[in-house]
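This is what each chain is made of:
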Amino acid sequence: MRKLKTKKSKTITITLIIIFIFFFTIGVGYSYLQQRINIYGKATIVTDESGKYIKGNSTYSYEIINSQNSDETNYTIYDVKLKIINMDTDIDLWQVAFDVPEGYNDAMSNIKENSSKKCENGRLTIYSKDENGYLAKGSTLELEVQLAINGDFDIKNLTLNGRSATEIR
């Protein structure tokens, strides 16, 4: 009887050791496999129909408040009020840019807000200063600008922080 108990005890011990080795092997194999998994993917940047700008959800409208013709320079000074509704994300420092018409004169133009402007390659960019740069999602940014143009006036391809905005009329 004692031999039977010893044999049964050895069989249980060997079975437990085999089960332990089996689960230990699976655990080590799984952790090794988990460390070697690489996931690859592709990202697509959605652009507007012109292919230049990232599509945004913001909207804008503009209104010509006043216009003055200058007989000396053949330029018309347009007082324009821009309303941009930020529908993308909260912004700490905003940047508004748009294409200016071919007859635009940067030296005769100015911005009424506490902002700065720069014109390069037919595109006017208006930058916020630190104290007025925050723009929450859903809020409206209103800018008043004076633009000197020799020809027809229009604002096209307006972007807010690099994302194109849709014009509403």
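In what follows, the structure referred to is the one given above.
No experiment lies behind these values; they were computed from the predicted model shown.

J.: How should the overall build of the chain be read in this particular structure?
T.: Regarding its fold elements, the chain presents one helix and nine strands. From first element to last, N terminus to C terminus, the chain shows the α and β order α-β-β-β-β-β-β-β-β-β. Counting across all 169 residues of the chain, residues that qualify as buried make up 30%. Summing over all exposed atoms, the chain offers an accessible surface of approximately 12000 Å²; the carbon and sulfur share of this is 53%.

J.: Before we go on, may I ask you to explain the packing of aromatic side chains in this structure?
T.: The way to describe two aromatic rings as a pair is by their centre distance and the angle between their planes. As enumerated under the stated definition, the model contains four aromatic pairs in all. Relative to Phe24, the ring of Phe20 lies with its centre 6.0 Å away and its plane at 20 degrees, an arrangement referred to as stacked. With Phe20 and Phe24 both in helix α1 (residues 2-35), this residue pair falls four residues apart, about one helical turn. Residue Phe20 shares its accessibility class with Phe24, and that shared class is exposed. With 5.4 Å between their ring centres and 70 degrees between their planes, Phe22 and Phe23 make a pair best called edge-to-face. Pairwise contacts between aromatic rings join Tyr62, Tyr78 and Phe153 into one cluster.

J.: Which parts of the structure should I look at to understand unusual backbone geometry?
T.: With the exception of glycine, the majority of residues adopt a negative phi angle, and the majority of peptide bonds are in the trans configuration. The phi torsion at Asn121 lies on the positive side, around 55 degrees, for a residue other than glycine. Among the secondary structure elements, Asn121 is positioned in the loop between β5 (115-120) and β6 (123-128). Judged by its relative accessible area of 82%, Asn121 falls in the exposed class. One non-glycine residue, Asn157, lies in the positive phi region at around 55 degrees.

J.: What's the story with the nonpolar core in this structure? I'm lost.
T.: Core analysis: the biggest nonpolar cluster contains 25 residues, and Trp94, Val96, Phe98, Leu147 and Leu158 have the highest contact counts within it. At the level of elements, β2 (76-85), β3 (95-99), β4 (104-111), β6, β7 (140-149) and β8 (156-160) are the ones that each hand at least two residues to this core. Among the elements that take part in this core, β7 stands out by supplying five residues, more than any other. Leu158 has contacts with Tyr60, Leu82, Ile84, Val96, Ala97, Phe98, Arg163, Ser164 and Ala165, leaving out every residue within four places of it along the chain.

J.: What is the right way to read the pattern of salt bridges from this model?
T.: Oppositely charged side chains can form a pair if their charged atoms are brought close together. One pass over the structure, following the stated rule, counts five salt bridges. Across the pair Lys81 and Glu142 runs a salt bridge, and its minimum N-O distance is 3.6 Å. Taken together, the residues span a long stretch of sequence, with Lys81 in strand β2 and Glu142 in strand β7 at a distance of 61 residues. Owing to a relative accessible area of 39%, Glu142 belongs among the partly exposed residues under this scheme. One salt bridge in this structure joins Lys117 and Asp106, with 2.7 Å as the shortest N-O distance. Taken together, the positions of Lys117 in strand β5 and Asp106 in strand β4 put the pair 11 residues apart, joining distant regions of the chain. For Lys117, a relative accessible area of 27% corresponds to the partly exposed category.

J.: How do you make sense of the sheet that holds β3 when you look at a structure like this?
T.: Within a sheet, neighbouring strands are paired by backbone hydrogen bonds and run either parallel or antiparallel to one another. Taken in spatial order, the nine strands make up an open sheet running β4-β7-β2-β1-β9-β8-β3-β6-β5, and their pairing is mixed. Because the sheet does not close on itself, it has two edges, and the strands there are β4 and β5. When strand polarity is set aside, the average angle formed by the axes of neighbouring strands in this sheet is 30 degrees. Across four bridges, the pairing between β4 and β7 is antiparallel. Counterpart to Asn110 in the pairing with β7 is Gln146.

J.: Explain a nonpolar patch on the surface here, please?
T.: Together, Ile12, Leu16, Ile19, Phe22, Phe23 and Ile26 give the surface a local cluster of nonpolar side chains, amounting to about 610 Å² of exposed area. Turning to its location among the elements, Ile26 is positioned in helix α1.

So, how was this worked out
- Going along each chain's sequence as written, the residues are numbered from 1 onward.
- Local features in this predicted model are restricted to residues whose pLDDT is 70 or higher, and side-chain atom pairs enter the listing and the counts only when it is 80 or higher, whereas totals over whole chains, interfaces and linings include all residues.
- In computing side-chain values, all of the structure's heavy atoms are included and hydrogens and water are not.
- Working definition: helices are DSSP H or I runs of at least four residues, strands are E runs of at least two. Numbering for both runs from the N terminus.
- Only protein chains enter the accessibility calculation, which uses a 1.4 Å probe; a residue whose area is less than 20% of its type maximum is buried, one above 50% is exposed, and one in between is partly exposed.
- Where accessible areas are quoted, they stem from the Shrake-Rupley method and a 1.4 Å probe; at the residue level, only the protein chains shown are allowed to cover.
- Stacked, edge-to-face and tilted are the three classes for Phe, Tyr and Trp ring pairs, Trp counted by its six-membered ring, which pair at centre distances within 6.5 Å; planes under 30 degrees apart are stacked, over 60 edge-to-face, the rest tilted.
- Here, nonpolar core means buried Ala, Val, Leu, Ile, Met, Phe, Trp, Tyr and Cys residues that are tied together by side-chain atoms lying within 4.5 Å of each other.
- Contact between two residues is taken to exist if any of their heavy atoms lie within 4.5 Å; hydrogens are not considered.
- By salt bridge we mean one thing: a side-chain nitrogen of Lys or Arg within 4 Å of a carboxyl oxygen of Asp or Glu.
- What makes two strands pair is DSSP finding at least two bridges between them.
- Lines fitted to C-alpha atoms define the axes here, with helix axes fitted over just the stretch in contact, and angles between the N-to-C directions of these axes take values from 0 to 180 degrees.
- For patch detection, residues must exceed 30% relative accessible area and be free of salt bridges, and they are connected within 9 Å for like charges or within 5 Å for nonpolar side chains (Val, Leu, Ile, Met, Phe, Trp, Tyr).

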